[in-house]
Amino acid sequence: QKEVEQDPGPLSVPEGAIVSLNCTYSNSAFQYFMWYRQYSRKGPELLMYTYSSGNKEDGRFTAQVDKSSKYISLFIRDSQPSDSATYLCAMSPLYNFNKFYFGSGTKLNVKP
Amino acid sequence: EAGVAQSPRYKIIEKRQSVAFWCNPISGHATLYWYQQILGQGPKLLIQFQNNGVVDDSQLPKDRFSAERLKGVDSTLKIQPAKLEDSAVYLCASSSLRGTSPGEQFFGPGTRLTVL
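How each quantity is defined
- Residues numbered from 1 in each chain as written.
- Chains lettered and ligands numbered in written order.
- Predicted model: local features only at pLDDT ≥ 70, side-chain atom pairs only at ≥ 80, totals over all residues.
- Heavy atoms only, no water.
- 1 Å grid on protein atoms, 1.4 Å probe; cavity = no way out; pocket = protein on both sides within 12 Å on 5 of 7 lines; lining within 4 Å.
- Points joined across faces, edges and corners; volume = space filled by probe spheres on them.
- Helix = DSSP H or I, 4+ residues; strand = E, 2+ residues; numbered from the N terminus.
- Nonpolar A, V, L, I, M, F, W, Y, C, P; charged D, E, K, R; others polar.
- Contact = heavy atoms within 4.5 Å.
- Buried area = accessible area lost by both parts, 1.4 Å probe.
- Salt bridge = Lys/Arg side-chain N within 4 Å of Asp/Glu carboxyl O.
- Polar contact = N/O pair within 3.5 Å; in protein donor to acceptor, adjacent residues only side chain to side chain.
- Phe/Tyr/Trp six-rings, centres within 6.5 Å; stacked < 30°, edge-to-face > 60°.
- Buried < 20%, exposed > 50% of the residue type's maximum accessible area, 1.4 Å probe, protein only.
- Disulfide = S-S within 2.5 Å.

(A) Structural detail: the layout of surface pockets. Of the pockets and cavities examined, the largest pocket occupies roughly 680 Å³. Lining the largest pocket are 33 residues; nearest its centre among them are A:Gln38, B:Gln37, B:Leu39, B:Gly40 and B:Arg112. Those elements giving two or more residues to the lining of the largest pocket turn out to be strand 9 (85-93) and strand 11 (106-111) of chain A together with strand 9 (88-95) and strand 11 (111-115) of chain B. For the lining of the largest pocket, a count of residues per class yields 13 nonpolar, 15 polar and 5 charged. Size it by volume and the second largest pocket reaches roughly 370 Å³. Around the second largest pocket, the lining is made up of 17 residues, and of these A:Lys2, A:Phe102, B:Gly42, B:Pro43 and B:Lys44 lie nearest the centre. Listed by contribution, the elements that provide at least two residues to the lining of the second largest pocket are strand 10 (101-102) of chain A together with strand 5 (44-50) of chain B.

(B) Region of the structure containing the interface of chain A and chain B. With 19 residues of chain A at the interface, the matching set in chain B holds 27 residues. Buried area between chain A and chain B, summed over both chains or domains, comes out near 1800 Å², and the portion from carbon and sulfur atoms is 51%. There are 1 salt bridge connecting chain A and chain B. One can count 6 residue pairs in polar contact (both at pLDDT 80 or more) joining chain A with chain B. Where the side of chain A that touches chain B is concerned, the elements lending two or more residues are strand 4 (30-38), strand 5 (45-51) and strand 9 of chain A. Ranked by residue count, the leading element in the side of chain A that touches chain B is strand 4 of chain A, at 3 residues. Of the residues assigned to the side of chain A that touches chain B, the class counts are 9 nonpolar, 7 polar and 3 charged.

(C) Summary view of the packing of aromatic side chains. One pass over the full model with this rule turns up 15 aromatic pairs over all chains. Their ring planes at 90° and their centres at 5.7 Å tell us that A:Phe102 and B:Tyr35 sit as a pair that is edge-to-face. One end of the pair, A:Phe102, is in strand 10; the other, B:Tyr35, is in strand 4 (residues 31-37), on a second chain. Of the residues examined, A:Phe102 reaches a relative accessible area of 10% and is grouped as buried. Judged by centre distance (6.2 Å) and plane angle (80°), the rings of A:Phe102 and B:Phe107 are edge-to-face. Residue A:Phe102 is located in strand 10, and its partner B:Phe107 is located in strand 10 (residues 106-107); the two belong to separate chains. Of the aromatic side chains, those joined through ring pairs into one cluster are A:Tyr36, A:Phe100, A:Phe102, B:Tyr33, B:Tyr35 and B:Phe107.

(D) A look at the state of the cysteines. Residue and element names in this part refer to chain A. For the structure shown, the criterion picks out 2 disulfides over all chains. Linked covalently through their sulfurs, cysteine 23 and cysteine 89 form a disulfide whose S-S length is 2.0 Å. Note on the cysteine 23 and cysteine 89 pair: the S-S dihedral is about -100°, so by sign convention the disulfide is left-handed. Separated by 66 residues along the polypeptide, cysteine 23 in strand 3 (residues 19-25) and cysteine 89 in strand 9 bring together distant segments of the chain. For cysteine 23, a relative accessible area of 1% translates into the label buried. Exposure remark for cysteine 89: the relative accessible area of 0% places this residue in the buried category.

As structure tokens, this is what we get:
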């Protein structure tokens, strides 16, 4: 079993839709949770960072962490064609917080 | 500020040949990472340097992969000999040193390796 599971998609939505991206994990030691966006032929770039449980909002993006269910989500409101990319969740444990474990990524396509 | 630089961007080699990738991190970043990203998968950490010392190389296939970080700045990742399953994008990332939480990892564009 992989430590981080992520639905690969692809997920195709119309412009303006609300998008929900999710990851599950098995290691209860994970305390830091990140979402990265990766455009084709580019390196990942950090979108959101959350410590422990709770919600965090940044513009059109909201990250949620439910540690009791070992489940994290990224919501994108009013999705735009420029949001079309692969979204990677990543997480790390408290005892080795610089060691990131990535999900396999969900490919999102926002249609104009 | 300039981002993480990597070269070459693309490399095609025959199996059993050797190959080297180069990374120049963001100026002042103490921590440097090499990741392997196989098509359809997330990045997998190969090796982590802090300054010029190795912090974690537990997932580096040491029989064929080697890496060094000269003077705590640039880094080189080498594969010798390459296998078909080494076909992947090799990503370099760097972060500043933070004592109590993860530093943001900034990624380079990657080197796409194809082993024939």
